[in-house]
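Observations on chain architecture
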Amino acid sequence: MASQQQDTGTDGAYLIRGAAILGGAPEDLLIRNGIIAERGQNLAAEGATVIEAAGLVALPGMVDIHTHLREPGREDAETVGTGTRAAALGGYTAVHAMANSTPVADTAGVVEQVLTLGRTAGWVDVRPVGAVTVGLAGEQLAELGAMADSRARVRVFSDDGICVHDPVLMRRALEYVKAFDGVVAQHAQEPRLTAGAQMNEGEVSAVLGLTGWPAVAEESIIARDVLLAQHVGSRLHVCHVSTAGSVEIIRWAKSRGVNVTAEVTPHHLWLTDELARSYDPVFKVNPPLRTDADVQALRAGLADGTIDVIGTDHAPHPSEHKECEWAQAAMGMTGLETALSVVQHTMIETGLMGWADFARVTSSAPAAIGRLEDQGRPLDAGEPANVTLVDPAARWTVDPSKMATMGRNSPFAGRELPGKVVATFFKGHPTVLDGKLNTPYRYPADAPKTAAAGRN
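So, here's what we can say about the structure. In this text the structure is predicted, and so the values were computed from the model without any measurement.

Cut-offs and rules
- Residues numbered from 1 in each chain as written.
- Predicted model: local features only at pLDDT ≥ 70, side-chain atom pairs only at ≥ 80, totals over all residues.
- Heavy atoms only, no water.
- Patch = residues over 30% accessible without salt bridge, like charges linked within 9 Å, V, L, I, M, F, W, Y side chains within 5 Å.
- Areas by Shrake-Rupley, 256 points an atom, 1.4 Å probe, with all protein chains shown as cover.
- Salt bridge = Lys/Arg side-chain N within 4 Å of Asp/Glu carboxyl O.
- Lys, Arg positive; Asp, Glu negative; His and termini not counted.
- Charge placed at Lys NZ, Arg CZ, Asp CG, Glu CD.
- Helix = DSSP H or I, 4+ residues; strand = E, 2+ residues; numbered from the N terminus.
- Phe/Tyr/Trp six-rings, centres within 6.5 Å; stacked < 30°, edge-to-face > 60°.
- Buried < 20%, exposed > 50% of the residue type's maximum accessible area, 1.4 Å probe, protein only.
- Lys NZ or Arg CZ within 6 Å of the ring centre and 35° of its normal.
- Pairing = 2+ DSSP bridges.
- Core = buried A, V, L, I, M, F, W, Y, C linked by side-chain atoms within 4.5 Å.
- Contact = heavy atoms within 4.5 Å.

1. A few points about a negative patch on the surface
- On the surface, Glu75, Asp76, Glu320 and Glu323 cluster together into a patch of negative charge.
- By the secondary structure assignment, Glu320 is in the loop between β16 (309-310) and α9 (339-348).

2. A short note on the packing of aromatic side chains
- In this structure the tally under the stated criterion is seven aromatic pairs.
- For the pair Phe426 and Tyr441, a centre-to-centre distance of 5.6 Å together with 65° between the ring planes defines the contact as edge-to-face. Of this pair, Phe426 sits in strand β18 (residues 416-426) while Tyr441 sits in the segment after β20 (436-437), and the two are 15 residues apart along the sequence. Of the two residues examined, Phe426 and Tyr441, each falls in the buried class.
- Taken together, a centroid distance of 5.0 Å and an interplanar angle of 85° make the contact between Tyr441 and Tyr443 edge-to-face. The exposure classification of Tyr441 matches that of Tyr443, with both residues buried.
- The positively charged end of Arg415 is found above the aromatic ring belonging to Trp270, 4.9 Å away from the centroid.
- A cation over a ring is seen here: Lys420 above Trp396, with NZ or CZ 3.7 Å from the ring centre.

3. Here's the deal with the sheet that holds strand β10 (residues 156-157)
- Taken in spatial order, the five strands of this open sheet run β10-β11-β14-β15-β16, and their pairing is parallel. The open sheet is flanked by β10 and β16, the only strands paired with a single partner.
- Where strand β14 (residues 236-238) and strand β15 (residues 260-264) come together, three bridges link them in parallel fashion. Note on β15: the bridge partner recorded for Leu236 is Val260.

4. Description of the nonpolar core
- Within the largest apolar cluster, 78 residues are counted, with the highest numbers of intra-cluster contacts made by Phe157 and Leu302.
- Sorting elements by how many residues they give to this core places helix α6 (residues 215-232) first, with six residues.
- Discounting chain neighbours no more than four positions away, the residues touching Leu302 are Val264, Leu269, Ile307, Val309, Ile310, Met347, Met353, Arg360 and Val361.

In structure tokens:
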């Protein structure tokens, strides 16, 4: 990629020449004043910054339905600034920030704080996820309506990291969010079946002598919740599906017309519990890495639409929380800067999906789940200019020390991965150029402040 004129700034014009739109025939895109002004062949625009994109794939800006930014309160692990820089470098133009910060995002005040932090950073659209229960304690519903009516306009609610295991409370949450077209995103884990669990329950856990985490702990909660969602006529989203049985339950629920969506992480599309034999805590994650049979079922489920979206579950931790004994280590992996490459390796290079499918599971579908009206849009004239340019032929070796995220706990450290983000345009502004951070988008000083107009 080569730029032929100086970057003209937030309100400048950019002419992307010869990019393969969704992997199709090469076309030009003219970006002006935050929108795609034209799409076609041999476009020209006097004064525009020209980006030669032959050999690159143009995609709608990616949307992560599941990101841990840690701020407020856990800035030793990540901040909104560092996490969203990582997101931009990974090709994202929007992320949903999970609620397990300190304090928990269970009030209008906290979600508005996260929204403000995201706007101040300016790298991507940060959409706060509200907690389902007060303090993630699973005892009483949080201020769902107040968060929905706040400037943050929260539409996704989750106690992620902790399952809403009380069926009565889960039913009430599903009923409540119907009033404002919200969705409950469930972390499916029956706590009584996973007490003390360290990894997937199976042959490897038996050999290693580690307490197993049975697949049924996930599957039983999903089965219960799809029935609850059907009963109350509400939207349910299942976080980080990890087992073949879970895929089958979701497929069955969709066949019955249940309004359920599901996500899979990049690492669950590739890595297996065999890696636990190393006792390297970088491979300790919730839900745990499963078997190769589960990996193949997850890939098939994503390819056939049973699983709707990729969610990174980006979970950075301070080094001391990972560089310790397995039993004491925190669960979680980073993922924002490697997601595209891992999905290209596991789904595109295997022939299971094309780039148009990739755009669906990483952009349009997660934007629809989160009700993000300006994200996940087609790359057509008149649409918001949230665009990612990818070099599918690039190869790079993962070095966590060179990543923008503060977390160094990448399970792909040292691996060579395909595909590299070359440029990311957020609201028409290039946050990433030539594979490097450029400058953040700056919101207008008179940006809408009211709840009704708080859309990013």
